[in-house]
Amino acid sequence: MIHLYKPYIHGMMSSETMFLIMRKRGTHLPTPSMEDYIEQIYLLINTKGYARVTDIAEALLVHPSSVTKMVQKLDKDNYVHYEKYRGFVLTDKGNKVGERLVFRHDLLEEFLEIIGVDEDKIYDDVEGIEHHLSWNAVDRIADLVRYFKADEQRMKDLHAMQTKSKHVESE
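Worth saying up front: this structure is predicted, and the values here are computed from it rather than measured. Think of each chain on its own: its residues are numbered from 1, step by step along the sequence as written. With the structure being a predicted model, the display of local features is reserved for residues of pLDDT at least 70 and the display and counting of side-chain atom pairs for 80 or more, all residues being used for whole-chain, interface and lining totals. In computing side-chain properties, one takes all heavy atoms of the structure into account and sets aside hydrogens as well as water.

1. Quick look at the packing of aromatic side chains
Then comes step 1: Pairing of aromatic rings covers Phe, Tyr and Trp, the last counted by its six-membered ring, and requires centre-to-centre distances within 6.5 Å; plane angles under 30 degrees mean stacked, over 60 mean edge-to-face, and any other angle means tilted. Taken as a whole and assessed by the stated rule, the structure comprises one aromatic pair.
Then comes step 2: Measuring from centroid to centroid gives 5.5 Å for tyrosine 147 and phenylalanine 148, while their planes differ by 80 degrees, and the two rings are edge-to-face.
Then comes step 3: Each residue is assigned to one of three classes by its accessible area relative to the maximum for its type, calculated with a 1.4 Å probe on protein chains only: buried under 20%, partly exposed between the two thresholds, exposed over 50%. Assessed through its relative accessible area of 43%, tyrosine 147 is described here as partly exposed.
Then comes step 4: The buried category is assigned to phenylalanine 148, whose relative accessible area is 13%.

In structure tokens, the structure reads:
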């Protein structure tokens, strides 16, 4: 798991605001499938320095031809700059969206960890919910994560409550 989670930085635009601006500018918002590709490309570029079709296909468990088709679509919507046989890079727009998608993913993983979801379930749970939350909900979850992390006693209280609840359930 790569943690590129960055707590909200003072003056950083909220996720919801960024995507509302994109919508007002007539920018096509990425579909959930496009989001998966943008997120994966962003992660690969930030960890390896580049993203290849084969790496993306392997990570997303799809055929390389599917990756090529999606990269062409992402190029058309200005998320990547693609040149046949030469490769592709994220555009500024693609980088911004990729950063937000990774932020959302990492935030949701951290949130599920805080609330006590079993570690072996977290990744699949995030994959199952991340495309179904509004950006407003993501921003509120970020507030809640910050709330719990701001005071260690809050985390201890939550975990004590969970332990007590598990004890009552097992009786």
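2. So, the nonpolar core
Then comes step 1: One finds Ile41, Ile56, Leu74, Val80, Phe88 and Leu107 to be the most contacted residues of the largest nonpolar core, which totals 37 residues.
Then comes step 2: In this text, helices come from DSSP runs of H or I with a minimum length of four residues, and strands from runs of E with a minimum of two, each type numbered from the N-terminal end. Elements with a minimum of two residues in this core: helix 2 (32-48), helix 3 (53-60), helix 4 (64-76), strand 1 (80-83), strand 2 (87-90), helix 5 (92-114), helix 6 (119-129) and helix 7 (135-150).
Then comes step 3: Top contributing element to this core by residue count: helix 5, with nine residues.
Then comes step 4: Here, two residues are considered to be in contact whenever any of their heavy atoms come within 4.5 Å of each other. In this structure, phenylalanine 88 is in contact with Ile41, Ala51, Val53, Ile56, Val71, His81 and Tyr82, ignoring residues within four places of it in sequence. Here the nonpolar core consists of buried residues drawn from Ala, Val, Leu, Ile, Met, Phe, Trp, Tyr and Cys, with membership extended through side-chain atoms lying within 4.5 Å.

3. Digging into the packing of helix 2 against helix 5
Then comes step 1: An axis is simply a line fitted to the C-alpha atoms; with a helix, the fit covers only the stretch in contact. Between two such axes, the angle follows the N-to-C directions and lies from 0 to 180 degrees. Where helix 2 contacts helix 5, the axes come no closer than 8 Å and their chain directions differ by 95 degrees. In terms of axis orientation, helix 2 runs roughly perpendicular to helix 5. Contacts between helix 2 and helix 5 involve Glu35, Ile38, Glu39, Tyr42 and Leu43 from the first element and Gly94, Asn95, Val97, Gly98, Glu99, Leu101, Val102, Arg104 and His105 from the second.
Then comes step 2: Gly counts as polar in this scheme, as do all residues outside two lists: the nonpolar Ala, Val, Leu, Ile, Met, Phe, Trp, Tyr, Cys and Pro, and the charged Asp, Glu, Lys and Arg. Classifying every residue of the contact of helix 2 with helix 5 gives six nonpolar, four polar and four charged. Note on angle classes: values under 35 degrees are labelled roughly parallel, values over 145 roughly antiparallel, values of 65 to 115 roughly perpendicular, and the remainder oblique.

4. Examining helix 5
Then comes step 1: When the terminal C-alpha atoms of helix 5 are compared, their 33 Å separation across 23 residues agrees well with the 33 Å that a helix rising 1.5 Å per residue should span.
Then comes step 2: Of all 23 residues making up helix 5, 17 are buried, and the element is well covered by its neighbours.
Then comes step 3: In the segment just after helix 5, glycine 116 is the residue with positive phi, at about 95 degrees. To estimate how far a helix should extend, the number of its residues minus one is multiplied by 1.5 Å.

5. Let's talk about the pairing of strand 2
Then comes step 1: Residues Phe88 and Leu90 of strand 2 are buried on one face, while the alternating residues Gly87 and Val89, pointing to the opposite face, are not.
Then comes step 2: Between any two strands, pairing holds if DSSP finds at least two bridges. With four bridges connecting them, strand 1 and strand 2 associate as antiparallel partners. Residue pairing in the sheet places glutamate 83 in a bridge with glycine 87 of strand 2.
Then comes step 3: Where strand 1 folds back on strand 2, the antiparallel hairpin that results is connected by three residues, among which tyrosine 85 adopts a positive phi of roughly 65 degrees.

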